[in-house]
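# Examining the three-dimensional arrangement
Here is how the chains run, residue by residue.
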Amino acid sequence: MDQTTWAIAELEKTTIKLRRVAVKNEWKLPYTTDAQGNYDNRADQTVHYEIDNGINWWTNGFWAGILWRLYARTKDPQYLDYARKQEQMLAPCFTQYEGLHHDVGFMFLPSAVADYLLTGDHHAKVTGLHAASLLAGRFNPAGSFIRAWNDLPGSTQDTRGWAIIDCMLNISLLFWASRETKDPRFAQIAMAHADTVMQAFVRADGSCCHIVEFDPESGKRLKSHGGQGFAHGSAWTRGQGWGVYGFANAYRNSGKKSYLETAQKIAEYCLTKIDASYVIPIDFDQPSDCTFEDSCGACVLACGFLTLAKLTKDQHKATCYAETGYRIIRQIAEHRADYSDHCDAIVQNCSASFHNKEHHVTMVYADYYYLEALDLLSGSDFGIW
Ligand code: GLY
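Residues numbered from 1 in each chain as written. Predicted model: local features only at pLDDT ≥ 70, side-chain atom pairs only at ≥ 80, totals over all residues. Heavy atoms only, no water.

## Remarks on the site of the ligand
If you check the shell around the ligand, you find W58, D166, Q228, W236, R238, W242 and Y365 and nothing else. The side chain of Q228 places a nitrogen or oxygen atom 2.9 Å from an oxygen atom of the ligand. A distance of 2.9 Å separates an oxygen atom of the ligand from a polar atom in the side chain of Y365. About the coverage of the ligand: the protein hides 93% of its 200 Å² of free accessible area. When grouped by side-chain class, the residues that make up the shell around the ligand number four nonpolar, one polar and two charged. (Near = heavy atom within 4 Å. Polar contact = N/O pair within 3.5 Å; in protein donor to acceptor, adjacent residues only side chain to side chain. Areas by Shrake-Rupley, 256 points an atom, 1.4 Å probe, with all protein chains shown as cover. Nonpolar A, V, L, I, M, F, W, Y, C, P; charged D, E, K, R; others polar.)

Following this line, the structure appears as structure tokens:
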């Protein structure tokens, strides 16, 4: 069976499972599953959430993204209805400015922008443009970077100068906004940020930092932080995935060659670390006897490799990237995908952060990027990033 045929067959399995899960979770903004396998709900008014992890939680666009992918595949209007309900639940976050962050890209590209791309809906387009304006407003001109988070009430941490590798995916929202409005400012900010990340995040060996801190007044690079990885200076695998996928998309969106070269540099580094099992650890530098893995990082990396393969002219390299993306996602499908009724999520063994108490949980964005990787393999992706 060739890779495309395999991916189409796998997508069939996801459709059968997700039809049941969608019916069950119509009015939820899910992030993870509980011990019984049921999705939680970040829009649950009876639960106390902090200002940034209730309806403003950064992953809240991914369930809508899954529903839009199901709609694109099946054209079943039920999925359109469910996805619009997600957008309705997300809408109040625009009135909670303090709890918003640069992840408006992750929140609104797979939800409102996907809606607009698939249906042409005007309200969805305006929602996407509002989100893009908020993201552009986080740009620090002195340091030429997009600020990641706000300082939360009660916290003494000063994050005014913090930028993170994950934002390489968020800037796709800016490229889209420039295309829609014919106003180059959004893309100019996206590229200014990407240029800074190339200089300040990517190390000589091709690995990249998770967090870099700049002086918010002068813009000077101060230091890096280990973030969700194993240690300061280590290579958090999902961060490497954001780097490969983010720079590949930045190249596709802008045509700037150095972004392609940067995506390839990070990818080449990853190739020296990925072993024959294609199981992706939480961090490429975690101790060799540590068995923590991150299937979510695996799915993001797979999307990065598959996209990079399509953009790479050197046939030898392109084949190697395509094969790596396929192998990673195949190992997830064969060993980490749960198609049963026992759990709402498909992808198992995800880890949010190396130093979290819990590992090997489910995370809705793992399922999202799993579907995206299968869509990339089957040729049915519709280009959100
Ligand atoms: N901080 C985004 C992520 O967990 O990948």
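So, next bit.
## Topic: the pattern of salt bridges
Scanning the model with the defined rule gives 23 salt bridges in all. Its salt-bridge partner being K13, residue E10 comes within 3.4 Å of it at the nearest N-O pair. One end of the pair, E10, and the other, K13, are both in helix 1 (residues 3-24), three residues apart, so they sit about a helical turn from each other. With its nearest N and O atoms 2.6 Å apart, the salt bridge here joins R238 to D294. Here R238 is found in helix 9 (residues 237-254), whereas its partner D294 is found in the loop between helix 10 (257-273) and helix 11 (295-311), with 56 residues between them in sequence. Here the two residues R238 and D294 agree in accessibility, since each one is buried. Connected via shared salt-bridge partners are R69, E372, D375 and D381. (Salt bridge = Lys/Arg side-chain N within 4 Å of Asp/Glu carboxyl O. Helix = DSSP H or I, 4+ residues; strand = E, 2+ residues; numbered from the N terminus. Buried < 20%, exposed > 50% of the residue type's maximum accessible area, 1.4 Å probe, protein only.)

## What to know about the packing of aromatic side chains
Per the counting criterion, the structure on display carries 28 aromatic pairs. For the ring pair W6 and Y326, a centre distance of 5.5 Å and an interplane angle of 90 degrees mean the geometry is edge-to-face. Pair noted here: W6 is in helix 1 and Y326 is in helix 12 (residues 315-335), with a separation of 320 residues, a long-range link. The burial state of W6 is the same as that of Y326; both residues are buried. Pairing W57 with W58 gives two aromatic rings, centres 6.5 Å apart and planes at 65 degrees, and the pair type is edge-to-face. Here the two residues W57 and W58 agree in accessibility, since each one is buried. A connected cluster of aromatic rings, assembled from ring pairs, spans Y31, W57, W58, F62, F106, W242, Y245, Y365, Y368, Y369 and W385. Residue placement shows K75 over the ring face of Y71; its charged tip is 5.8 Å from the ring centre. (Phe/Tyr/Trp six-rings, centres within 6.5 Å; stacked < 30°, edge-to-face > 60°. Lys NZ or Arg CZ within 6 Å of the ring centre and 35° of its normal.)

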